[in-house]
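Close look at the chain arrangement
The residues making up each chain are set out below.
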Amino acid sequence: MKTTPLTQAVGLALAATLALAGCKKDEAASPPVVTQPAPAPAPAPVAATVAVTGVSLGTDVDADGRVIESQSRFTPNQAITASVSTNTSDPVAAVAGSLSAKWLYQDGQVVNEESNAFSFAGPGTTNFRISKPDGWPVGRYTLEISLDGRKVETREFTVVAGQ
């Protein structure tokens, strides 16, 4: 068989086409790689906290320890109760801490100071009670409530002359 330049050119073109077809990637068999960002790490759990939600002064408390009738005037022979309401940010997780009550007479003289450690979940009530059998001096008083050493509430009250 005699080869002509045209036959040689066609043969070379055919060989080149086959060679290129063999080198081409099969796009259907290998999908493009898509990179996804890594998922964000889960946030760290927040520790439950406690807050003082109210302070009431009175002479009597109910079965839950809450002051029955809030008042700001007392007679010298009355015992005075401070009912401190608290609540935690998590109703299930127990929170430990301390509540303190500092009772002051009008010139800043400390009448009584008391601290209670607690560990509770959800709402709670802590009571502080003072009494003076020979009677309180007439005048103005201040109650300071502190939560874990930080003053959070203040109540003023007076003792007036009476029975």
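Before reading on, note that the structure itself is shown above.
To start, this report covers the structure provided alongside it. As the structure is a prediction and not an experimental result, all values here were calculated from the model.

**Digging into the pairing of strand β6 (residues 124-130)**
- Of the two faces of β6, the one lined by Gly-124, Thr-126, Phe-128 and Ile-130 is fully buried and the one lined by Thr-125, Asn-127 and Arg-129 carries no buried residue.
- Bridge count for strand β3 (residues 80-88) against β6 is seven bridges, and the pairing is antiparallel. Counterpart to Ala-82 in the pairing with β6 is Phe-128.

**Some points on unusual backbone geometry**
- One non-glycine residue, Asp-148, lies in positive phi territory at about 50°.
- Within the secondary structure, Asp-148 is located in the loop between β7 (139-147) and β8 (150-159).

**Looking at the pattern of salt bridges**
- Applying the stated rule across the entire model yields five salt bridges.
- Across the salt bridge formed by Arg-155 and Glu-153, the nearest N and O atoms sit 3.0 Å from each other.
- Salt bridges sharing partners connect three or more residues here, namely Asp-62, Asp-64 and Arg-66.

**A closer look at the sheet that holds strand β2 (residues 73-74)**
- One open sheet holds the five strands; their spatial order is β2-β8-β7-β4-β5, and the pairing between them is mixed. Two strands in the sheet have a free side with no partner beyond their single neighbour: β2 and β5 (110-120).
- As judged from the 10 bridges shared by strand β4 (residues 95-105) and β5, these two strands associate in the antiparallel manner. The residue of β5 that forms the bridge with Ser-98 is Ala-117.

**Description of the sheet that holds β3**
- Taken together, the three strands give an open sheet; going across it, the order is β1-β3-β6, and neighbouring strands pair in antiparallel fashion. Two strands close off the open sheet at either side, each with one partner strand: β1 (50-58) and β6. With strand direction ignored, the average angle separating the axes of adjacent strands in the sheet is 20°.

**Let's talk about the packing of aromatic side chains**
- Within this structure, the stated rule accounts for six aromatic pairs.
- The interplanar angle of 75° and the centroid separation of 6.2 Å between the aromatic rings of Trp-136 and Tyr-141 together place this pair among those described as edge-to-face.
- Given a relative accessible area of 8%, Trp-136 falls into the buried group.
- Under the relative-accessibility criterion, Tyr-141 is labelled buried at 3%.
- For the ring pair Tyr-141 and Phe-157, a centre distance of 5.3 Å and an interplane angle of 10° mean the geometry is stacked. With Tyr-141 in strand β7 and Phe-157 in strand β8, this pair connects stretches of sequence that are 16 residues apart.

**Let's talk about the side chain of Thr-88**
- Within the element layout of this structure, Thr-88 appears in strand β3.
- We classify Thr-88 as buried; its relative accessible area is 9%.
- Here the side chain of Thr-88 touches Asp-90 through a polar contact of 2.8 Å, landing on its backbone oxygen.
- A distance of 2.5 Å separates a polar atom in the side chain of Thr-88 from the backbone nitrogen of Gly-122.
- Apart from the residues lying within four places of it in its own chain, the contact partners of Thr-88 are Thr-49, Val-50, Val-95, Phe-120, Ala-121 and Gly-122.

**Notes on the nonpolar core**
- By size, the foremost hydrophobic cluster in this structure holds 24 residues, and its most contacted members are Trp-103, Leu-143 and Phe-157.
- Going through the elements one at a time, β1, β3, β4, β5, β6, β7 and β8 are the ones with two or more residues in this core.
- Here Trp-103 is in contact with Leu-57, Ile-80, Ala-82, Gln-109, Val-110, Val-111, Asn-112, Phe-128, Ile-130, Thr-142, Leu-143 and Phe-157, once residues within four sequence places are set aside.

Cut-offs and rules
- Residues numbered from 1 in each chain as written.
- Predicted model: local features only at pLDDT ≥ 70, side-chain atom pairs only at ≥ 80, totals over all residues.
- Heavy atoms only, no water.
- Buried < 20%, exposed > 50% of the residue type's maximum accessible area, 1.4 Å probe, protein only.
- Helix = DSSP H or I, 4+ residues; strand = E, 2+ residues; numbered from the N terminus.
- Pairing = 2+ DSSP bridges.
- Salt bridge = Lys/Arg side-chain N within 4 Å of Asp/Glu carboxyl O.
- Axes fitted to C-alpha atoms, helices over the stretch in contact; angles between N-to-C directions.
- Phe/Tyr/Trp six-rings, centres within 6.5 Å; stacked < 30°, edge-to-face > 60°.
- Polar contact = N/O pair within 3.5 Å; in protein donor to acceptor, adjacent residues only side chain to side chain.
- Contact = heavy atoms within 4.5 Å.
- Core = buried A, V, L, I, M, F, W, Y, C linked by side-chain atoms within 4.5 Å.

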